[in-house]
Amino acid sequence: MNWDTILDKQFKMTDSGRIDRIRDLYTTFNHQVDLQALKDCGYLTALEEMMEPILNNFDDRSPEVIAYWAKRGMVKECHGDNDVMSWSEYESKTGYRWEGPREQGIQNLHKKWNSFVPVSAFRPENKDRKYPVVVVLHGGFNPISIIDGWGFVQEAAKQEWIVVVPSIELDDILDEILAQAKALYPVDESRIYATGFSYGGFMSNFLGNKRPDVYAAVAPCGAPISNGLVEKAIGPEPQTPFDGKSRAKAMGVYMPVLNIAGNLDGNRFPVYDVGYPKDGAPDMMWHITPDLIVDGINHWLDVNDAPLLSVDAVMALKNDPNATEVEKNIGLPLSEGRKVVADGIVNYIGDLKSRDGVTRVRIMVEMNMPHWPTPEMSRQIFEFFSHFSRDPETKESIYTA
């Protein structure tokens, strides 16, 4: 196999037109990745397959891309081209002012969104069938087309779930988009979920904290989980201030959460080593400490009525001969843990159970992985989501084994 053929394939990374190669993800941006190991285990083949619809084809509406999804049983449609986002009107309505670098944040100029709907939803015999919906959020300055190559839609095709990909990720704009989706497609309102990667991970964490009335579970990826506190608008993407108080906690309901990241994505794992450089590499997360990571996890444990972690117990794991392999690599004491090898990659999955014995907080670490999604990430997200729904009337979280 000529791995360079795969590594040199190109894709559109940003809305402003920046073109990257697969190689850049694993060498240029993070030289700690053992690229030879990825070649030897066959992972690059799985990666190329996942990214197929965005590689060397920068128009996500091209006949080739539409045909790609049709072959997988999904109808891809694009919406909102003419729905201009007026930030001045938004400010007058909400009091929130956003001024971003418009030459980069093209996705924030219209309320665009893409949908991927199983072909079966259009068949007459399924007129009474309802479909779960996953809202997938893009990263900072990423075009929404990048979602086509992140694995979420490929897994949704296998599960026959609807995927909604918005350009603007604010919760009230998402309300408008979901209302449009409900008018067009057979949406199961008890099974609406949110996930995303990088900045989309931060925003799905935000949605989990703010909107338990809409989402049955969330899966922030490529970003740490936290209380979502935003004292003032920050960053180049739209993000409104938030007080950091979980609405689910206030409502007395659960909000299940799954957090996934690579062990080389900001050096956040194992948690007891957060903030320390690995192998002499520059520490990209010097401002993150074990205390901050544990505080973020404890926020979600509290929301889901699970025992809290202590920083002392986390730090003690480093030299604990009785700690399991999973606990050592995640860096947390766990209720349960397991090791999953998929596409040649080792993944450690840790459960932090609620007091009723249900896993509503799950942490997954992908070994030898930088800041980029993997096929197994999507598989684990859909498996986790499949256990949870939300009563549209009472807003209670419902668990199904």
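So, a few notes on the structure that sits alongside this text. Since we're looking at a predicted model, the values are computed, not measured.

**Digging into empty space enclosed by the protein**
Thinking step 1. For the structure shown, the criterion picks out three cavities of 30 Å³ or more.
Thinking step 2. Taken as a whole, the largest cavity spans an internal volume of roughly 80 Å³.
Thinking step 3. In terms of lining residues, the largest cavity is bounded by P224, I225, N259, R268, F269, I293, I297 and I363.
Thinking step 4. Broken down by class, the residue content of the lining of the largest cavity amounts to six nonpolar, one polar and one charged.
Thinking step 5. Within this model, the second largest cavity holds a volume of roughly 60 Å³.
Thinking step 6. Surrounding the second largest cavity, K12, P53, I54, N57, F58, D59, D60, V65, S145, I146 and D148 form its lining.
Thinking step 7. A class-by-class count of the residues in the lining of the second largest cavity yields five nonpolar, two polar and four charged.

**Some words on the nonpolar core**
Thinking step 1. Judged by nonpolar contacts, the single largest core of 65 residues is most densely connected at Y215, I330 and L332.
Thinking step 2. Within the second largest apolar cluster, 58 residues are counted, among which are I6, L25, A156 and F385.

**Thoughts on the pattern of salt bridges**
Thinking step 1. All chains considered together, the criterion is met by 32 salt bridges.
Thinking step 2. The partner of R21 in a salt bridge is D8, and the shortest N-O contact between them spans 3.5 Å. Here D8 lies in the loop between helix 1 (3-7) and strand 1 (10-12) and R21 lies in strand 2 (residues 19-21), a separation of 13 residues in the sequence.
Thinking step 3. For R21, a relative accessible area of 29% corresponds to the partly exposed category.
Thinking step 4. Linking D305 and R355 is a salt bridge whose minimum nitrogen-to-oxygen distance equals 3.1 Å. Residue D305 is located in the loop between helix 11 (290-303) and helix 12 (311-316), and its partner R355 is located in the loop between strand 11 (345-353) and strand 12 (359-366); the two are separated by 50 residues in the primary sequence.
Thinking step 5. Owing to a relative accessible area of 57%, R355 belongs among the exposed residues under this scheme.
Thinking step 6. The structure contains a network of salt bridges with shared partners spanning D4, D8, R21, R23 and D24.

Criteria and thresholds
Residues numbered from 1 in each chain as written. Predicted model: local features only at pLDDT ≥ 70, side-chain atom pairs only at ≥ 80, totals over all residues. Heavy atoms only, no water. 1 Å grid on protein atoms, 1.4 Å probe; cavity = no way out; pocket = protein on both sides within 12 Å on 5 of 7 lines; lining within 4 Å. Points joined across faces, edges and corners; volume = space filled by probe spheres on them. Nonpolar A, V, L, I, M, F, W, Y, C, P; charged D, E, K, R; others polar. Core = buried A, V, L, I, M, F, W, Y, C linked by side-chain atoms within 4.5 Å. Buried < 20%, exposed > 50% of the residue type's maximum accessible area, 1.4 Å probe, protein only. Salt bridge = Lys/Arg side-chain N within 4 Å of Asp/Glu carboxyl O. Helix = DSSP H or I, 4+ residues; strand = E, 2+ residues; numbered from the N terminus.

That is the geometry; function is a separate question.
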